[in-house]
Amino acid sequence: MKIRIEPGENERSPSTFHPENGLSTPHGHPFRRLRILFKDLCYKVDSNSNKGEKVQLLKGVSGFFKPNQMTAVMGPSGSGKTTFLDLLSGRKTQGTITGTLLFGHTAPSRSFLRRYTGYVEQFDTLVDSLTVYEMLLYTAELKRPLSEPLASKKEAVDRLIGRLALEKCRDVRIGSPLKRGISGGQAKRTNVGIALITTPAVLFLDEPTSGLDSFTAQEVMEVVRGLAVEDGTTICATIHSPSSACFALFDRVMVLASGWTVYFGAPGVVASDYLTHVCGSRPLAHGENLAEWMMDFLTMSDREGRSSALHDSYTKSELAQEASQLLDRYLSDAQAKSALSRGASLSSLAGADAADGVGGGGGGCCGLSDGSSPAGQLLARLSGSEQYVTPWWWSLKVLLQYRTVRNYQSMEYLGPRLFDKIIFALVIMSLYFGIGDNFKSENVPSMAALMYLCVAQPAWGAVAYVPAIMLERGLYVRERHDGLYRPLTYLLFKMLDELSLNFAVGLGSTAIIFYGVQLRGEFVYFWLNCMTTLSNGVLIAYMMAAFCPTLDVANAAVPTLLAVMLFLSGFLIRIESIPVYWRWLTYADLLKYSWQGLMVNQFQAHPQAELAGTPILEYYNLTNTSKWVELAIVVGFFGGWSVLAWYALAFVRHQKR
């Protein structure tokens, strides 16, 4: 990957050399002042209405975004604004893309985009249990280098809070729709802060003023404008109907209609004159909002099917010719810089010529192949091969430190996970109180039923864990796109978050049952069996939630799967009595092994326990069964569900972009 470190249009930014990573950085950032170039970008997806056909959503879009400038992407609904933004930011998960896209003078990798660009979603995706300060520091710990001291990260967060005017809500919890926290404008600015925590060279914003009043929208966009002016950030924002003051903050406007470029140039008088004299729009009235006037005309033209004609008019205009000539000059310059950088040495990269670009061809890029050297580290950063800033174990530690600790302080989180187990244990104890050591024939069926209930309760309780993944899906997708953690790290975090609590609570609930009922066998085994069964249930819920597209589907799928397991566990119908065409499924029945292990633990030392005149273990064909082998099989199932859950989190995408 060869990324151009481009200074402003007419001046070069001061550089600082960092010996620890070999980077020459303007204002201490490795990728500052990036020019984005795109030519003849086309994007096709499969048609939803006609199988086998393709629909073209972007049609030869060309242009450039400069550092120190803020560009608005506008157009009627369905014009391709968000599609275009997702394409530039590497967030497309389907379809076919053609054309040229350069960041500096090289096509960026997805890993580079994750690490060195920021993306502000249209809808806020925040951790509702954290405060604004904690949310930003949590992101900083995951996205800034591990070698950076915590004090430095805190200083960066404090500066960002001041810059985003978030001081008043610094220690206020973000909240949720059911539990109000910060306001909509504060949430939007917090989202912007998340994207800015690493001082990205490029910032993408999707409808940043959506749902905000005009004052708050202006406030947010003034903050964003400051990033371009003061930091040299290249900013691109889709926006629908901004106020006049908000629209005036933009340096350049790109207008799309039905995937065509119909205008690319400055806002203000240039835009109004172009639409009036070239496109035939009515004149702009005195005091009328320019952005709304443009959108009214373009929306009506799009509905009348005149988008293609507007595109043709634009391509023939002097405005388009000037933009095309400038783009070609930038592309030629990028090609020349790419060729020059092939033989660059580390000293030239670190010196005064660093701003002119780095890169190379195959083999040892720039002639530097030692990945352990500063030059090798530099090349790894430029190629985007370091997809995640922090190692997996650090990401796990941060997730547990911020989110798990806060969860354990909330009764909204703890209540549903504590009371069901305690209530179940108390009910079971009261129903079977003191009969666990009574092996008379009338008590034996009750004991077998109790073992079945101890298996069934964790299974049915797993349904309650489905929303834990579903409701966090938007947050997970955003944080994964931002490169905060790996799918496996997230899965480990969720399992530790749930199971640490469940194993502790389970120690008490199983003790209530075991000693209240006076069960026989080993308590440790009884506890381990119940907890590993519950762990499997939680993981099944996570797996199904990750595979299923909606909460309704997952809520139906999980109990269906577990009900089949309960039917075939061997208690309701003995294994020998199950029809042959169903019996094969018992080998894959997790709950069968859990129940058999509990039965052996209870009755193995008491052969006098009989059912229908036969020792109960013999009746269920468990005489030679080892309870520890059964437990090992249950643990093996846990490993299998883990692999499936990881696969679903890593590769199954329900949010098609």
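The structure under discussion appears in the preceding block.
Note that the coordinates shown come from a computational prediction; the quantities given were computed from them, not determined experimentally.

### Brief notes about the sheet that holds strand S7 (residues 117-120)
Line of reasoning, step 1. Taken together, six strands build an open sheet; the order of strands is S7-S8-S9-S5-S10-S11 and the sheet is mixed. Of all the strands in the sheet, just S7 and strand S11 (260-265) have a single pairing partner and so form its edges. Between one strand axis and the next, the sheet turns by 15 degrees as a mean value, whatever way the strands run.
Line of reasoning, step 2. With five bridges joining them, strand S10 (residues 252-257) and S11 adopt antiparallel strand pairing. Within the sheet, the bridge partner assigned to methionine 254 lies in S11 and is phenylalanine 264.
Line of reasoning, step 3. Most of the contacts of helix H5 (residues 184-196) go to S7, to which it runs at about 165 degrees, and overall it touches S7 and strand S8 (202-206).
Line of reasoning, step 4. Across the sheet, helix H10 (residues 307-316) is in contact with S10 and S11; its angle to S11 comes to roughly 40 degrees.

### Considerations on the environment of leucine 507
Line of reasoning, step 1. Within the secondary structure, leucine 507 sits in helix H19 (residues 487-517).
Line of reasoning, step 2. Separated by 19 residues in sequence, leucine 507 and phenylalanine 526 place their C-alpha atoms 9.9 Å apart.
Line of reasoning, step 3. Sequence-distant contacts of leucine 507, that is, excluding residues within four places in its chain, are made with Phe523 and Trp527.

### Side note on the sheet that holds strand S4 (residues 54-65)
Line of reasoning, step 1. If you trace the three strands from one edge of the open sheet to the other, you get S4-S3-S6, paired in antiparallel fashion. Two strands close off the open sheet at either side, each with one partner strand: S4 and strand S6 (96-103). Sheet twist, expressed as the mean angle between neighbouring strand axes with direction ignored, is 15 degrees.
Line of reasoning, step 2. As judged from the seven bridges shared by strand S3 (residues 36-46) and S6, these two strands associate in the antiparallel manner.

### Section: empty space enclosed by the protein
Line of reasoning, step 1. This structure, assessed with the given rule, holds six cavities of 30 Å³ or more.
Line of reasoning, step 2. Taken together, 17 residues make up the lining of the largest cavity; nearest its centre are Tyr476, Val477, Leu649, Val652 and Arg653.
Line of reasoning, step 3. At the level of secondary structure, the elements contributing two or more residues to the lining of the largest cavity comprise helix H18 (473-481) and helix H25 (627-651).
Line of reasoning, step 4. Residue contributions to the lining of the largest cavity peak at five residues, all from H18.
Line of reasoning, step 5. Class assignment for the residues of the lining of the largest cavity results in eight nonpolar, four polar and five charged.
Line of reasoning, step 6. The computed volume of the second largest cavity comes to approximately 160 Å³.
Line of reasoning, step 7. Looking at the second largest cavity, it is lined by 15 residues, and the ones nearest its centre are Lys421, Phe424, Gln457, Pro458 and Ser509.
Line of reasoning, step 8. Contributing elements (two or more residues each) for the lining of the second largest cavity: helix H15 (411-431), helix H16 (444-461), H19 and helix H20 (523-547).
Line of reasoning, step 9. In terms of residue class, the lining of the second largest cavity is built from nine nonpolar, four polar and two charged.

Rules used in this analysis
Residues numbered from 1 in each chain as written. Predicted model: local features only at pLDDT ≥ 70, side-chain atom pairs only at ≥ 80, totals over all residues. Heavy atoms only, no water. Pairing = 2+ DSSP bridges. Helix = DSSP H or I, 4+ residues; strand = E, 2+ residues; numbered from the N terminus. Axes fitted to C-alpha atoms, helices over the stretch in contact; angles between N-to-C directions. Contact = heavy atoms within 4.5 Å. 1 Å grid on protein atoms, 1.4 Å probe; cavity = no way out; pocket = protein on both sides within 12 Å on 5 of 7 lines; lining within 4 Å. Points joined across faces, edges and corners; volume = space filled by probe spheres on them. Nonpolar A, V, L, I, M, F, W, Y, C, P; charged D, E, K, R; others polar.

The values reported here are purely geometric and, on their own, carry no functional implication.
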